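# Notes for the structure review
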Amino acid sequence: VQLQACGGGLVQAGGSLRLSCAGSGRTFSNYARAWFRQGPGNEREFVAAFSRNGASTYYADSVKGRFTISKDNAKNTWHLQMNSLTPEDTAVYYCAASRGAITSSLTSREAYDWWGQGTQVTVSS
């Protein structure tokens, strides 16, 4: 099983980026899927997630209204559209998937079974 994240880069404040995570080795359509990020000197934090049935989405307060998580089950991929980026969004972004995470645990790193390698997002002021 492998998750491959891509789409990071350098962008000016106010700009946009779209991250993608491609899963292989199993079908993730019935798994909880998420994005986390880890900024310099910080712990890895929750950004956004789908519930296991894909019907519900959850966002960290810091990204609500700016970021959108989406999925393409036919391609076994999920995405993170990031708009109105600020320097505070600078981080390595990780995709993750969980076989059994329940709603109350979706924001917890420990709930996830598989992780992508991370993609760097740098927002300049």
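The notes below deal with the structure included here. (Residues numbered from 1 in each chain as written. Predicted model: local features only at pLDDT ≥ 70, side-chain atom pairs only at ≥ 80, totals over all residues. Heavy atoms only, no water.)

## Concerning the side chain of His79
Note the threshold: For the purposes of this entry, the term helix denotes a DSSP run of H or I that reaches at least four residues, the term strand denotes a run of E that reaches at least two, and both are numbered from the N terminus. Note on classification: 1.4 Å probe, protein chains only; a residue is buried when its accessible area is under 20% of the maximum for its type, exposed when over 50%, partly exposed between these limits. The contact rule is simple, with two residues in contact once any of their heavy atoms fall within 4.5 Å.
Within the secondary structure layout, His79 lies in strand 8 (residues 77-82). Note on His79: relative accessible area 10%, which makes it buried. Apart from the residues lying within four places of it in its own chain, the contact partners of His79 are Arg18, Leu19, Ser20, Trp35, Thr68, Ile69, Ser70 and Asp72.

## Quick notes on the pattern of salt bridges
As a reminder, the rule being used: One side-chain nitrogen of Lys or Arg within 4 Å of one carboxyl oxygen of Asp or Glu is enough to make a salt bridge.
Counted under the stated rule, the structure contains six salt bridges. Two residues, Arg109 and Glu110, come together in a salt bridge whose shortest N-O distance is 3.9 Å. Given a relative accessible area of 30%, Arg109 falls into the partly exposed group. A relative accessible area of 62% means that Glu110 is categorised as exposed. One continuous salt-bridge network, built from bridges that share partners, spans Arg37, Glu45, Arg66 and Asp89.

## Thoughts on unusual backbone geometry
Here the phi dihedral of Asn76 falls at roughly 55°; this positive angle occurs in a residue that is not glycine. Along the chain, Asn76 falls in the loop between strand 7 (67-72) and strand 8. With a relative accessible area of 13%, Asn76 lands in the buried category. Positive phi, close to 50°, is recorded for Ser84, a residue that is not glycine. Inspection of the secondary structure puts Ser84 in the loop between strand 8 and strand 9 (91-98). Given the relative accessible area of 41%, Ser84 is considered partly exposed.

## Thoughts on the state of the cysteines
This is how the line gets drawn: Pairs of cysteine sulfur atoms within 2.5 Å are identified as disulfides in what follows.
Under the defined criterion, the tally for this structure stands at one disulfide. Bridging Cys21 to Cys95, the disulfide has an S-S length of 2.1 Å. Of note, the bridge from Cys21 to Cys95 carries an S-S torsion of about 60° and is right-handed in sense. Residue Cys21 is located in strand 3 (residues 17-24), and its partner Cys95 is located in strand 9; the two are separated by 74 residues in the primary sequence. For Cys95, a relative accessible area of 0% corresponds to the buried category. For Cys6, which is in no disulfide, the shortest distance to another cysteine sulfur is to Cys21 and amounts to 8.4 Å. You can call Cys6 partly exposed: its relative accessible area is 41%.

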